[in-house]
Amino acid sequence: MKILGIETSCDETAISLIEVDEATNTVTVLGNRVHSQIDMHVPHGGVFPMLAKREHAKNLVPVLKSVLEEVDMAKAAVPYKIDDLSILKRDPELLDAFESFIPTIKKPEIDFISVTVGPGLEPALWVGITFAQVLSRVWNIPIVPCHHMEGHILTGLIDKVHDSVLKSGAHKPRFDLLDRRILYPALSLLISGGHTQIILIEKIGGHGANSSYKIVGDTRDDAVGECFDKTARMLGLAYPGGPKISVLAAEARDTNIASPIVLPRPMINTDDLDFSFSGLKTAVLYAVKNATNDGKEPLPENFIKGIAREIEDAITDVLVSKMRGAIEKYAVETLIIGGGVVANTHIRKALQDLAAECTIKILLPQTDHATDNGLMIALAGYFNKDKAFAPDSNEIQTLKAAGTSPLGPRI
Ligand code: KG4
Ligand code: ZN
């Protein structure tokens, strides 16, 4: 079964083509591309939704083309004519790129398309959904709406990657899917730029009304990634600041640079599973004001390194403490961690130590699958394939017209 996954919820235009072998429960990654817009958003200090949408419109066809080129894309003998592309008329750049590429190739072997429908930046989501919808019509294949956060959960199910040689002689990564080896109840911690959630999982797959995912902990204000990015900005580090904080924190630990102040660990002792990170952000703001004499002097280098370490430590302490509580409360057997912040080595290690201490299994995505990608959406499509819309269905269109994504902000 071949699935094309399309992800445009934020600032990555990402497409992946996978082949799932259900008998062996393995997945071969036939093509996988992520086009990051980060450089475009740096001057804004964050992702600007309309700019993100424009960039997706520009990049979707080139990204698809490079994915299909990975699988011996065949040219059409004669470029064919597409009757109705009116749904692309609001995106002239995407329409032009679509018209000048898609009719020149033969319909690729793809069973269905999966696309992120939420949560995310609405203009960015819509352009991806529209693109998926028009592809589904032109190629006459179904389309599966996917939840971005479910995609992040599923990146933890990728086992060791093997080099697989296809009949064509091409070498492709292939991995075992770990879903059949999960012990339930499982608990997922999702830590990204937009979310900090603890999710209780009774079974992988199934969102909406049939959801087997239940949110048992959530942030009351900023998400973890957002906290990293905003505090990094206060320290003069460019967007996205999370990875930069983690590099500086590691340097501080290696060279024994201590933090100039102790930051709060918000809500660490509350007996719920919720988070709050805005107090941490405010504490950094005041520390920076003091250290710079109200912005009149530059921040000393060791202050930046020391406080980066303390930011990472404070966030890690809160995450570990809440997860320890959640593991006990739900007698959890497996932890599945997902979201861009899982790329943080210090947090990964702390969560691995916690799982070892509680003698439970932990599944962590490889660092290169942690941030947004098309592979996670192709996998989400696989686990929700029974929810496919027919190519001529207007259901997705109706939801778009209502100005909402089908799944809303929750799983
Ligand atoms: O999941 P993701 O790619 O996008 C969202 O869905 O939000 O996550 C992006 C977030 C950003 O806030 C980024 O700063 C953070 O993940 N991030 C990190 C690290 N790598 C990415 N935060 C801390 N340490 C890192 N190494
Ligand atoms: Zn994400």
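Below is a short write-up of the structure. Nothing here was measured: the structure is a model prediction, and the numbers come from that model.

**Remarks on the sheet that holds strand 8 (residues 186-191)**
Pairing is mixed in the open sheet, where five strands are placed in the order 10-9-8-11-12. Two strands close off the open sheet at either side, each with one partner strand: strand 10 (213-218) and strand 12 (361-363). Adjacent strand axes in the sheet meet at a mean angle of 25 degrees, parallel and antiparallel pairs treated alike. Summarising the sheet, strand 8 and strand 9 (residues 196-201) pair through six bridges and their orientation is antiparallel.

**Focus on the site of ligand 1**
Close to ligand 1 lie 19 residues, the nearest being H152, G193, D229, G340 and D372. Within the side chain of H152, a nitrogen or oxygen atom sits 3.1 Å from an oxygen atom of ligand 1. With respect to ligand 1, the side chain of N344 contributes an N or O atom lying 3.1 Å from a nitrogen atom. Across the complex, the protein chains shield 89% of the 560 Å² of accessible surface that ligand 1 would expose by itself. For the shell around ligand 1, the secondary-structure elements that each account for two or more residues are helix 5 (148-154), helix 6 (224-234) and helix 7 (242-254). Per-class residue counts for the shell around ligand 1 are five nonpolar, twelve polar and two charged.

Conventions used here
Residues numbered from 1 in each chain as written. Chains lettered and ligands numbered in written order. Predicted model: local features only at pLDDT ≥ 70, side-chain atom pairs only at ≥ 80, totals over all residues. Heavy atoms only, no water. Pairing = 2+ DSSP bridges. Helix = DSSP H or I, 4+ residues; strand = E, 2+ residues; numbered from the N terminus. Axes fitted to C-alpha atoms, helices over the stretch in contact; angles between N-to-C directions. Near = heavy atom within 4 Å. Polar contact = N/O pair within 3.5 Å; in protein donor to acceptor, adjacent residues only side chain to side chain. Areas by Shrake-Rupley, 256 points an atom, 1.4 Å probe, with all protein chains shown as cover. Nonpolar A, V, L, I, M, F, W, Y, C, P; charged D, E, K, R; others polar.

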